[in-house]
Amino acid sequence: MTDDRIVPVTMPKWGLSMQLGKITSWVVAEGDEVQVGDDLADIETEKITGTLEAADAGTVRRIVARVGEDVPVSGTIALIAPAEVSDDALDAAVLQARAVIDAGVPDDAGGGAELQTADVGGRKISFAGAGQDGDVILLVHGYGGDRNSWLFLQEPLAAKYRVYALDLPGHGTSAKDVGDGTLGVLADAVTGVLDALGAGRAHLVGHSMGGAVALAVAARDPGRVASLTLIAPSGFGAEINAGYLRGFADAQTRRELKPVAGQLFADEGLVTRQLVDDLLAYKRLDGVDESLHALLGTLLDGDAQRGDSAAVLAAADGTMPVTVVWGRADRIIPAAQAESVTGAVRHVIDGAGHMPQMERPAEVQAAIEETIARAG
Amino acid sequence: MARNITYREALNEALTQEMERDETVIVMGEDNAGGAGAPGEDDAWGGVLGVTKGLYHKFPGRVLDTPISESAFIGAAIGAATAGMRPVAELMFVDFMGVCFDQIYNQAAKFRYMFGGKAVTPVVIRTMYGAGLRAAAQHSQCLYPLFTHIPGLKVVMPSTPYDAKGMMIQAIRDNDPVMFFEHKALYDLSGPVPEESYVLPFGEANVVREGGDVTIVTLGRMVHTSLDAAGQLAAAGVQCEVIDLRTTSPLDEDTVLESVEGTGRLVVVDEAHPRCNIATDISALVARKAFGSLQAPIEMVTAPHTPVPFSNALEDIYIPDAQRVVNAVKTVTGWSR
């Protein structure tokens, strides 16, 4: 039996398909004191490179996983424990953890959620869920994104909630046709997924254009929206980086797309070759080019934002708790527009750009959970 | 939604989806439908290695089984292309191109130019290449350098199932003649491929592995050999950047040059014979345009200047393997003036 004062640091699950992660470097060393939120290690998966933050405070007594080796998701990579825990107890825990790492991924680890689909007005809409119990959360990505935009958040939230992420029309593996490209078509997909889930009410989390979509759902059907967390939502001011939007829609090659994608993040180093390749693979699917250009017309009026999300929010009547989260270094939609989200609790996160759910997932998760708590 | 399918299935899916999308797309070639020696059954083979299997019944009248007369049916495909069809003609083995070379290099490749840009020739000529199947000197060659030499032809050789599907769809939609090279040893290779249709534009190399010490430029089956070598070298502390050219015409010069400017060292791995092949072409490009970045002479790993041997043992030695790539990388990293 291991000493319950030993707290394992485990390989996170970033994205439903992740089975293995690799530590590219340790930020901490044995003996270091860490606080919640401190960087522990840089981790690379097939899809993305990220930094693991500490979920518990204490002393790092043992580093278990070596740099460069594959570790199954949830395998123990380090041990945090107070000084009173004996070396013998720690070494025994390390042995157990090593056995898990050395065994690799079990064959039956199909893992995660199955991709599901719903037919919404003749369009195939894809979504995937995680979590067994609790309220339903539906995550709504932004322009050019997909359900994987939430890869750092969906599993952690699933500890307490049933968490679903969808692909909006024109995105991911959903139907590529967006009709007239209005927010209404996208909002239909959100309610269609809620219907397919049999969820009368859900907490909506929307990023960027997905924020405006979540708002449209709330205005149309406030009874179905238990709370709203808007992350850098579109439509709360005129200013927007129109060059980014057009650049994303028009980019045909990796060389064109990479600098565009870089504008999404405060630290452009987060734009890996894999990320750009995945975006290009999406953009090259039949029908995507047309849908991205159709949606440009919904988002832009000249070089300004077309939508008026503040009016939509007012129409939603203030019945549900609203939180707005913004990265202070957002280069797509300025963080100052958070001020226009009337009646919302505001979090402006330092060191994050337009993708705080990828850049500072722990803080975004806390904001979402706090919003849900307010809904009671 | 991407799922794992083989290179063969990826090509079949591309053909199926394009035939569904565009009724001017037709398939023609030897054994595409009936199959020599088949007991009267239509669609017995689906081409010599089964790529077109199933199309014959799905698209009645649009899968044509041709006589063993390459000059006739390749010429017919090119003619049909000029008249509004989008034929995909299968010429079994690239080794047989000799008998229809006039149709390809002096007709199809020239029409756009000769008719002042008013004619297009949207034909795809599929063909198998490469050694490794014990098929000896007349069924194992890598003749893509011959076609790369000729302006007016696009020359493409996917190395993965994903690339195979996207490049086949691009080839069919392309208005120029495309020589589509499929390595026999890759047909059973499995990999993730989206169910949806998508295109992979020509002239965009793929950096399949990043690394700062040595650039390995390669193509086709040799991409996998090079990745194997790069994996072994990484364990020894040498980081290779592996570039899959994907297409030799058009050629993505920028990706090659940018990489060599970063690493200063180049190894080119090409399964073709060593004279006037893709390795010499890339070497000349880098020597001319990135000379100042080079910290060592360029190394080439190729097959020898001989026919592909009939002997199994000799064929195995003939095909460049990962050990030869490792040795070449060690030569360029260990070189000193």
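The shown structure was predicted, so the numbers you read here are calculated from the model rather than taken from an experiment.

1. Quick look at the overall build of chain A
Secondary structure assignment for chain A yields 11 helices and 18 strands. Relative to the compact-globule value of 21 Å for 376 residues, chain A shows a C-alpha radius of gyration of 21 Å, a close match. For chain A, the spread of C-alpha atoms along the principal axes amounts to about 65 × 45 × 40 Å. For chain A, buried positions account for 51% of its 376 residues. Sequence-distant contacts, at least 24 apart, represent 67% of the contacts inside chain A between residues at least 6 apart.

2. Overview of the environment of G121 of chain A
Residue and element names in this part refer to chain A. Along the polypeptide, G121 turns up in the loop between β9 (115-120) and β10 (123-130). By C-beta crowding, G121 is classed as exposed, having 12 other C-beta atoms within 10 Å. A sequence separation of 64 residues divides G121 from V185, and the C-alpha atoms of the two residues are 9.3 Å apart.

3. Here's the deal with the domain arrangement of chain B
Residues and elements named next belong to chain B. According to the domain assignment, chain B consists of domain 1 (2-194) and domain 2 (206-334). On the domain 2 side, the residues contacting the 24 residues of domain 1 number 23 residues. Going through the elements one at a time, α6 (144-148), β6 (154-156) and β7 (178-183) are the ones with two or more residues in the side of domain 1 that touches domain 2. Grouping the constituent residues of the side of domain 1 that touches domain 2 by class yields 14 nonpolar, 7 polar and 3 charged.

4. Examining the nonpolar core
Ranked by size, the top nonpolar core spans 220 residues in total, and within it L138, Y164, L166 and V213 of chain A together with V267 and V329 of chain B carry the most contacts. Those residues in contact with L138 of chain A, other than ones at most four positions away along the chain, are Y164, L166, V190, V193, L194, A202 and L204 of chain A.

5. Re the packing of helix α9 (residues 253-263) of chain B against helix α10 (residues 278-289) of chain B
All names here are of chain B. Running from N to C, α9 and α10 cross one another at 60°; their axes reach a closest spacing of 10 Å. Between α9 and α10, the interaxial angle falls into the category oblique. Viewed along their axes, α9 and α10 form a crossing whose handedness is right-handed. Mapping the contact onto sequence places E253, V256, L257 and V260 in α9 and I282, L285, V286 and K289 in α10. By residue class, the composition of the contact of α9 with α10 is 6 nonpolar, no polar and 2 charged.

6. Section: the environment of Q365 of chain A
Residues and elements named next belong to chain A. By secondary structure assignment, the location of Q365 is in helix α11 (residues 361-375). Residues Q365 and L90 lie 275 residues apart in sequence; the distance between their C-alpha atoms is 31 Å. When sequence neighbours within four positions are dropped, the list of residues in contact with Q365 reads L153, P156 and L157.

7. Digging into the pairing of strand β5 (residues 124-129) of chain B
All names here are of chain B. A large share of β5 lies buried, amounting to 6 of its 6 residues. Relative to β5, strand β4 (residues 86-93) runs parallel, the two sharing 4 bridges. Each residue of the ladder has a partner; that of F93, found in β5, is M128. Pairing analysis gives 6 bridges linking β5 to β7, with the strands arranged parallel. By the bridge assignment for β7, R126 is matched with F180.

8. Observations concerning the sheet that holds strand β8 (residues 76-80) of chain A
Residues and elements named next belong to chain A. As summarised here, the arrangement of the 4 strands in space is β1-β8-β6-β3, forming an open sheet in which the pairing is antiparallel. Single-partner strands in this sheet number two, and they are β1 (7-10) and β3 (33-34). Pairing of strand β6 (residues 58-63) with β8, which is carried by 3 bridges, proceeds in the antiparallel orientation. Each bridged residue has a counterpart across the sheet, and for V60 the counterpart in β8 is I80. Running at roughly 165° to β8, helix α1 (residues 87-103) makes contact with β6 and β8 of the sheet.

What counts and what doesn't
- Residues numbered from 1 in each chain as written.
- Chains lettered and ligands numbered in written order.
- Predicted model: local features only at pLDDT ≥ 70, side-chain atom pairs only at ≥ 80, totals over all residues.
- Helix = DSSP H or I, 4+ residues; strand = E, 2+ residues; numbered from the N terminus.
- Rg over C-alpha atoms; globule rule 2.2 N^0.38 Å.
- Buried ≥ 20, exposed ≤ 12 C-beta atoms within 10 Å, placed from the backbone.
- Contact = placed C-beta atoms within 7 Å.
- Domains from an automatic or database assignment.
- Nonpolar A, V, L, I, M, F, W, Y, C, P; charged D, E, K, R; others polar.
- Core = buried A, V, L, I, M, F, W, Y, C linked by C-beta atoms within 7 Å.
- Axes fitted to C-alpha atoms, helices over the stretch in contact; angles between N-to-C directions.
- Parallel < 35°, antiparallel > 145°, perpendicular 65-115°, else oblique.
- Left-handed = near helix turned anticlockwise from the far one by under 90°.
- Pairing = 2+ DSSP bridges.

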